[in-house]
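The lines below spell out each chain.
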Amino acid sequence: AAAAPVADVYVDACEPPHCYARAKRVMVLTSRNTFGAAERLVLALRELPRVTVVGERTSGHVATVRDARLVRKSWFVEFAADDVVAVGGERAEARGVRPDIELAQDFNALRAGTDNVLERALDELLLATTLQLAAL
């Protein structure tokens, strides 16, 4: 049986200058340490037209985990209590969410004070702004 969506994403049809913030591009940064509610947020946000996901594939730990005690409380089992399905039918559990721009975090550069994922997101925003200005 097909899983029912948990929540729908709605986008207002408002245009600038009345909703200036909604006209800007949004970069969502991810890593292999993005999990749970953060992964659900990435799944929802990436459906919006001005959102770009940059970084590593997320962890794939999307579902709410429940546990149950077995055999006089000496054993327990953990299980996924829900099924999270993206708008397009994609499941991220055990697979993760693939970013639009896949880029591994460079930990040596990070230790030296440079975040290559953040830098790439900023470069993308600058490029988008430059192209918008050129089109005027």
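About the thresholds
Residues numbered from 1 in each chain as written. Predicted model: local features only at pLDDT ≥ 70, side-chain atom pairs only at ≥ 80, totals over all residues. Heavy atoms only, no water. Helix = DSSP H or I, 4+ residues; strand = E, 2+ residues; numbered from the N terminus. Contact = heavy atoms within 4.5 Å. Areas by Shrake-Rupley, 256 points an atom, 1.4 Å probe, with all protein chains shown as cover. Pairing = 2+ DSSP bridges. Axes fitted to C-alpha atoms, helices over the stretch in contact; angles between N-to-C directions. Core = buried A, V, L, I, M, F, W, Y, C linked by side-chain atoms within 4.5 Å. Buried < 20%, exposed > 50% of the residue type's maximum accessible area, 1.4 Å probe, protein only. Arc of directions from axis to C-beta. Salt bridge = Lys/Arg side-chain N within 4 Å of Asp/Glu carboxyl O. Right-handed = clockwise from strand over helix to strand, strands pointing away. Expected span 1.5 Å × (residues − 1). Polar contact = N/O pair within 3.5 Å; in protein donor to acceptor, adjacent residues only side chain to side chain.

Caption draft 1: View of the overall build of the protein chain. A tally of regular secondary structure across the protein chain gives 3 helices and 5 strands. Start at the N end of the protein chain and walk to the C end: the helices and strands fall as β-α-β-β-β-β-α-α. In the protein chain, the share of contacts with a sequence separation of at least 24, taken over all contacts with a separation of at least 6, comes to 63%. Total accessible area on the protein chain stands at roughly 9,800 Å², and carbon and sulfur atoms take up 56% of it.

Caption draft 2: Fine view of the sheet that holds strand E5 (residues 101-102). Strands sit in the order E1-E2-E5 across an open sheet of 3 strands; the sheet is parallel. Looking at the sheet topology across the chains shown, the edges are occupied by strand E1 (26-30) and E5. In the sheet, E1 pairs with strand E2 (residues 51-55) via 5 bridges, with the strands oriented parallel. Bridging across to E2, Thr 30 finds its partner in Gly 55. Against the sheet, helix H3 (residues 116-134) touches E1, E2 and E5, its axis set at about 165° to E1.

Caption draft 3: Quick look at the nonpolar core. Within the largest apolar cluster, 10 residues are counted, these being Val 28, Val 42, Leu 43, Val 51, Val 53, Val 62, Val 84, Ala 86, Ala 92 and Val 97. Of all the secondary-structure elements, those providing two or more residues to this core are helix H1 (37-45) and E2. When residues no more than four places from it in sequence are discounted, the contact partners of Ala 92 are Leu 43, Gly 60, Val 62, Val 84 and Val 97. Counting 5 residues, the second largest nonpolar core, distinct from the first, contains Met 27, Val 54, Ile 101 and Ala 121.

Caption draft 4: Layout of H1. When H1 is considered as a whole, its buried residues turn out to be Glu 39, Val 42 and Leu 43. The arc that holds the buried residues of H1, viewed along the axis, is 100°, so those residues lie on one side. The inward-facing, buried residues of H1 contact E1 and E2.

Caption draft 5: View of the pattern of salt bridges. Tallied over the full model, the rule gives 7 salt bridges. With a closest N to O distance of 3.9 Å, Glu 47 and Arg 46 form a salt bridge. Residue Glu 102 is joined to Arg 98 by a salt bridge in which the shortest nitrogen-to-oxygen separation is 3.2 Å. Each of Arg 46, Glu 47 and Glu 90 takes part in a single network of salt bridges with overlapping partners.

Caption draft 6: Main features of the pairing of E2. In terms of burial, E2 is largely enclosed, as 5 of its 5 residues are buried. On E2, burial covers both faces: Val 51, Val 53 and Gly 55 on one face and Thr 52 and Val 54 on the other are all buried. Traced from E1 through H1 to E2, the parallel crossover comes out right-handed. Bridge analysis of E2 against E5 gives 2 bridges, and the strand direction is parallel. Paired with Val 54 across the bridge in E5 is Ile 101.

Caption draft 7: The arrangement of H3 in detail. Given a rise of 1.5 Å per residue, 19 residues ought to cover 27 Å, and the 27 Å separating the end C-alpha atoms of H3 matches this to within 8%. Looking at the buried side of H3, the elements it contacts are E1, E2 and E5. Sitting at the head of H3, Asp 115 places a side-chain oxygen 3.1 Å from the backbone nitrogen of Val 117.

Caption draft 8: Representation of the side chain of Arg 46 in the model. Relative to the helices and strands, Arg 46 resides in the loop between H1 and E2. Residues contacting Arg 46, with those up to four places away along its chain left out, are Val 51, Val 53, Ala 86, Glu 90, Val 97 and Arg 98.

By themselves these figures say nothing about function.
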